[in-house]
Amino acid sequence: MNYKALLLVLGVAGYLALSARGRFEEEDPSSLSFRYPHHISISWETAPVSSQSVSWRTHDTVRVSYVEYTETTATPFFKDQVKRLPAKTERHTADDGTWNHHSANLQGLKPNTTYSYRVGNHTYWSEWAEFTTASGTREPFSFIYLGDVQRDIYSLGSRTIRKAIMDKPDAKFLLFGGDLVHRGAENLGNWNEFFPTGGWVYQSYPMLATPGNHEYANAASPDYLTKHWRLNFTFPQNGPAGQEEETYFVDYNNIRLISLNLIRYPIDKPGTQKMLVWLEERLKEFKGDWVIITHHYSMEQLARNREAGVRFPEFKALYERYQVPLVLTGHEHVYARGRMNGTLPVYVVSVSGPYQNAIRFPDWIERAGSSLQLYQLIDITPTRIQYTSKTVRGDVYDAFSIEKDKKGRLKFTASPSLGPESLLPPDKFETRYKKEQVDSYAKDRDNYLNKRK
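The rules behind these values
Residues numbered from 1 in each chain as written. Predicted model: local features only at pLDDT ≥ 70, side-chain atom pairs only at ≥ 80, totals over all residues. Heavy atoms only, no water. Buried < 20%, exposed > 50% of the residue type's maximum accessible area, 1.4 Å probe, protein only. Helix = DSSP H or I, 4+ residues; strand = E, 2+ residues; numbered from the N terminus. Arc of directions from axis to C-beta. Contact = heavy atoms within 4.5 Å. Polar contact = N/O pair within 3.5 Å; in protein donor to acceptor, adjacent residues only side chain to side chain. Axes fitted to C-alpha atoms, helices over the stretch in contact; angles between N-to-C directions. Left-handed = near helix turned anticlockwise from the far one by under 90°. Core = buried A, V, L, I, M, F, W, Y, C linked by side-chain atoms within 4.5 Å. Pairing = 2+ DSSP bridges. Salt bridge = Lys/Arg side-chain N within 4 Å of Asp/Glu carboxyl O. 1 Å grid on protein atoms, 1.4 Å probe; cavity = no way out; pocket = protein on both sides within 12 Å on 5 of 7 lines; lining within 4 Å. Points joined across faces, edges and corners; volume = space filled by probe spheres on them. Nonpolar A, V, L, I, M, F, W, Y, C, P; charged D, E, K, R; others polar. Phe/Tyr/Trp six-rings, centres within 6.5 Å; stacked < 30°, edge-to-face > 60°.

Asker: Just give me the short version of helix α7 (residues 313-321), but keep the residues and values in it.
Answerer: Within α7, the full set of buried residues consists of F315, K316, L318 and Y319. Down the axis of α7, the buried set is contained in an arc of 165 degrees. They therefore lie on one face. Contacts from the buried residues of α7 go to α6 (269-285), β15 (290-294), β16 (326-329) and β18 (346-349). A positive phi of about 55 degrees marks Q323, the residue just after α7.

Below, the structure written as structure tokens:
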């Protein structure tokens, strides 16, 4: 082939490639393969010991989708063993186009069994992935807790999620404390970053989450949870009427994990009272070893530009009455751990994403932190909760245990070998906060540290 012919061939190939790229970008504003299933995640709508829920998204042209699944085998020749379940499908037009959101709940599964599954239709299928059902026994296990991801999700939030999984690959599930994204009603820059950030992790590790104020249409004045919440996830529907998949509980082996959507407080006061009654019933009836509660708003506001005071006194009283050991929260974009009135529960406030606040120092805080991206590893046995908070470097930042004796009495013990606290003000501290909040920071920090000695 002569030189001119070669140039002609290369030119045509380049033109076709650019044309194909242009068509692809036009058809798929989110830069995802528009026909293949994506935004795949697994969770639980029903019992973890015998079921697995799956959610995913496809382009509007893919109207029908399925889950195929089977018990995992060492051989790739398992085609004849595969079961197929049609998905429920809901069409939704968002800021990045029109999509079909699919979900299915696999039921009748065997306990403590690994399954392979994929989602899709015709020639457009996801890769095969695996999950393992709960054992239903009191065996020790671990899970991962992550506070607000919210901003710069793909570029910086990703490193916390991925580090946590690398640190604890045998974790049974992920728990997010709300504000998974910054604008819950938008895909661009939000859900389209959140799901690629997790990728195969969300396909292999069940995910639970409690709604944050940024999952609402207007984070400054919430009025309704955006449709994306129920489109993207399939959570339990065992909460108070009208609060399904936002206030709910999951019994995983010997623990009961309760999600409370306290974004409703005080905007939906009747709904909050209904939640309080529902919560007490769930606490009374549970006969397992541990109850752990999560809600997005912390029990007290801790960001430096927010007011002091207990947010949810009725809920606080209920936690103390029923000896709830651990409450996992977020929202403040700082780290804090402590016990109010010197008694359980232990309240944890954490943040996994890069957006950080300057912290206030109320008296109940026993360990504080700021300008840190953190993840939490929680190890469970019938008589012990071991909590460890780590930085994205993998360094232990905080650790404590809660132990139960034969009479059911609980004992809290903080790790005696923790390093110094990171209390650096966030980026642009002087411009983001009022002058008096900036000027008083060093004094408040030093007073807090002196009390801790």
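Asker: Before we move on, can you summarise the side chain of D398 with the specific residues and values?
Answerer: Considering the arrangement of structural elements, one finds D398 in strand β22 (residues 396-404). Of the residues examined, D398 reaches a relative accessible area of 0% and is grouped as buried. Among the polar contacts made by the side chain of D398, one reaches the side chain of Y335 at a distance of 2.6 Å. A distance of 2.7 Å separates a polar atom in the side chain of D398 from a polar atom in the side chain of R337. For D398, the residues in contact, after removing those within four places along its chain, are Y335, R337, R367, Y387, T388, S389 and L418.

Asker: Tell me about the packing of helix α2 (residues 153-167) against helix α3 (residues 187-198), residues and numbers included.
Answerer: Contact pair α2 / α3: the axes reach a minimum separation of 9 Å and the direction vectors enclose 35 degrees. Where α2 crosses over α3, the handedness of that crossing is right-handed. Contact residues: I153, Y154, G157, S158, I161 and R162 in α2; G189, N190, E193, F194, P196 and T197 in α3.

Asker: Pulling in residues and values, what's your account of the nonpolar core?
Answerer: Soluble globular proteins tend to pack their nonpolar side chains together in the buried interior. The biggest cluster of nonpolar side chains holds 98 residues, and the ones touching the most others in it are F176, F194 and Y319. Residues V54, W56, A104 and Y115 belong to the second largest nonpolar core, which totals 15 residues.

Asker: So what's going on with the sheet that holds strand β11 (residues 174-176)? Residues and values would help.
Answerer: Here seven strands make up an open sheet; going across it, the order is β12-β11-β10-β20-β21-β22-β23 and the pairing mixed. Two strands in the sheet have a free side with no partner beyond their single neighbour: β12 (207-209) and β23 (410-414). Averaged over all pairs of adjacent strands, the angle between their axes in this sheet comes to 20 degrees, without regard to strand direction. Across the sheet, α2 is in contact with β10 (141-146), β11, β20 (374-381) and β21 (384-391); its angle to β20 comes to roughly 30 degrees.

Asker: Account for the pattern of salt bridges, with residues named and values stated.
Answerer: Inspection of the entire model under this criterion finds 31 salt bridges. For E332, the salt bridge is made with R306, and the minimal N-O distance between the two is 2.9 Å. Of this pair, E332 sits in the loop between β16 and β17 (335-339) while R306 sits in the loop between β15 and α7; the two residues are 26 residues apart in sequence, bridging distant segments of the chain. The residue K435 makes a salt bridge to D439 at a minimum N-O spacing of 2.6 Å. Residue K435 and its partner D439 are located together in helix α9 (residues 435-439), separated by four residues, close to a single helical turn. Residue D439 is classed as partly exposed on the basis of its relative accessible area, which comes to 49%.

Asker: Before we move on, could you go through the layout of surface pockets and cite the residues and values that matter?
Answerer: Empty space within the largest pocket amounts to approximately 330 Å³. Lining the largest pocket are 18 residues, and of these K88, S103, A104, R230 and T234 lie nearest its centre. Residue assignment for the lining of the largest pocket shows that the elements contributing at least two residues are β5 (88-94), β6 (97-106) and α5 (228-232). Examining the composition of the lining of the largest pocket, we find that five residues originate from one element, β6, more than from any other. When grouped by side-chain class, the residues that make up the lining of the largest pocket number five nonpolar, eight polar and five charged. One number sums up the size of the second largest pocket: a volume of about 270 Å³.

Asker: So what about the packing of aromatic side chains? Which residues, and what values?
Answerer: Tallied over the entire structure, the rule returns 35 aromatic pairs. With centroids separated by 4.8 Å and ring planes inclined at 10 degrees, the aromatic side chains of F143 and F173 adopt a geometry described as stacked. One end of the pair, F143, is in strand β10; the other, F173, is in the loop between α2 and β11, and 30 residues separate them in sequence. On the basis of relative accessible area, F143 is assigned to the buried category, the value being 0%. Residue classification places F173 among the buried positions, given a relative accessible area of 1%. With centroids separated by 6.3 Å and ring planes inclined at 40 degrees, the aromatic side chains of F249 and W278 adopt a geometry described as tilted.

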